[in-house]
Every structure is written in structure tokens, then in C-alpha cells.
Amino acid sequence: MTEFSGETVMLVTPVMERFILHWGEMGTRWGVNRSVAQIHALLYLSPRPLPADEIVEALSIARSNVSNSLKELLAYQLVEVTHVLGDRRDFFKAETDPWEIMLRIAEERKRREIDPALTMLRDCVAQAGEGRGDEAFVRERLEAMLAFLDELDGWYAQVRRLPRSTLAAIVKLGGRIAGLVRR
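A few words now on the overall build of the chain. On a plain count of helices and strands, the chain comes out with 7 helices and 5 strands. If you list the helices and strands of the chain from N to C, you get β-β-α-α-β-α-α-β-β-α-α-α. Here the C-alpha atoms of the chain give a radius of gyration of 22 Å, more than 25% beyond the 16 Å that 2.2 N^0.38 yields for 183 residues. With respect to the principal axes defined by its C-alpha atoms, the chain has extents near 75 × 40 × 30 Å. Relative to its 183 residues, the chain shows a buried fraction of 28%. Put simply, of all contacts in the chain between residues at least 6 apart along the chain, 53% involve residues at least 24 apart. For the chain, the accessible area works out to roughly 12,200 Å², and carbon and sulfur atoms hold 56% of it. On the chain, the mean spot of the 25 positive side-chain charges and the mean spot of the 27 negative ones are 5 Å from each other.

The following block contains the structure:
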């Protein structure tokens, strides 16, 4: 943090810049706008909540882009709005628990991607003819994909209810967990 004109401004160090740039690249690979991911990284690393104008300054991103990106991060519940006594601006702070970040991202991706796919597949299966040849083949493929996504959705619901300590233990077990499952 540096201070000019009586205001504290976020100082982005080279290490922070490296992380922010990489987080932005990783975000684009996951289908997230680069600016959204970079703002998330900045807020994750910040020791205090930041107002939008300071995010603009720290990342050299247009104000409108910062505003839209913050809305996206709020929708994902990865950041929250907070206020500072005597300051009318909104300040933003990120969730800092890596487990909670991962779980919130997974939940939002499920809501945006898996849930609509399940709805579409159910509709397609309901509309698919029970005829012969290609129609029967298409219906079989749709039913197989629907069954898979339904199973995955059910598994996710079960895993989401597990206590974090159990999830951490499962992750630590890694591939050894397969040995616990009877084939």
C-alpha cells in the first residue's frame, strides 16, 4: 500500500502481478473473463477491502469493466460488498478460504452449466421418438448422457453435504480411495 493525497492505494508487487496475471489466464481457460479473474486475484491478495476506483488504478482496467466484473464476482459469491465508516463508496473483499472458493465456483458452474444441460436432455429424451433406426439410436445416446449427468448431479449433492474435514480427507486419500471401493 502506498499513500498519495492522504489516500491509501493498493501497491501491486511483482509477485502479486505474477499471480494476478496467471489467475487471469487460468480464468480464461475455465471460460471466465480475464478481468473477472484478475480482479478476484487482486481482492484475494489484498489485506483490506478495496473500492472499485482503487481496483481500476491497481490493474489499469476500465471502470466499466471493473463494475461488470465485480457484478460477476458477486454473483459467484466470491466477493462481498462492505463499507468503511465515513466513506460512501462500496468496498469489496474476497473470500479467502480456498475450500470455500472452490465450493462456490463448483456450485455456480453447476447452476450455470449442468442444471441447464439436465433440463435440455430431459426435454430431448421426452421429445425423442421411440421409432427405429436413427431415432432409436439418438434416443439411446440422449438417455445415456442424461443418466450420466443425473448420476453426477446426485454425487455432487452428496459430496456437497459432507463436512469440510471429510472432503479434505478424501482429497488427501487421492487415488488410494479406489482401493477402498469393492469392484
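All of the buried residues along helix α3 (residues 52-59) are Ala52, Glu54, Ile55, Ala58 and Leu59. For α3, the arc enclosing every buried residue in end-on projection is 155°, short of the 170-degree limit, so these residues lie on one face. Of the residues one or two after α3, Ser60 is the one with positive phi, at around 55°.

This part is about the confidence of the model for the chain. Across the chain, the average pLDDT comes to 91, with 93% of residues at 70 or higher. Here strand β1 (residues 2-4) stands out as the element of the chain with the lowest mean pLDDT, 45, in contrast to helix α2 (residues 34-45), whose mean of 98 is the highest. Segment residues 2-6 is flagged for pLDDT under 50; beyond a separation of four residues in sequence, or across chains, it makes 6 contacts in the model.

For the rest of this paragraph, the subject is the sheet that holds strand β4 (residues 79-84). Read from one edge of the open sheet, 3 strands run β3-β5-β4, paired in antiparallel fashion. The open sheet has two edge strands with one neighbour each: β3 (50-51) and β4. Pairing analysis gives 2 bridges linking β3 to strand β5 (residues 87-94), with the strands arranged antiparallel. Counted as the bridge partner of Leu50 is Phe92 from β5. Against the sheet, helix α4 (residues 63-75) touches β4 and β5, its axis set at about 110° to β4.

Thresholds applied
- Residues numbered from 1 in each chain as written.
- Predicted model: local features only at pLDDT ≥ 70, side-chain atom pairs only at ≥ 80, totals over all residues.
- Heavy atoms only, no water.
- Helix = DSSP H or I, 4+ residues; strand = E, 2+ residues; numbered from the N terminus.
- Rg over C-alpha atoms; globule rule 2.2 N^0.38 Å.
- Buried < 20%, exposed > 50% of the residue type's maximum accessible area, 1.4 Å probe, protein only.
- Contact = heavy atoms within 4.5 Å.
- Areas by Shrake-Rupley, 256 points an atom, 1.4 Å probe, with all protein chains shown as cover.
- Lys, Arg positive; Asp, Glu negative; His and termini not counted.
- Charge placed at Lys NZ, Arg CZ, Asp CG, Glu CD.
- Arc of directions from axis to C-beta.
- pLDDT = per-residue confidence, 0-100.
- Pairing = 2+ DSSP bridges.
- Axes fitted to C-alpha atoms, helices over the stretch in contact; angles between N-to-C directions.

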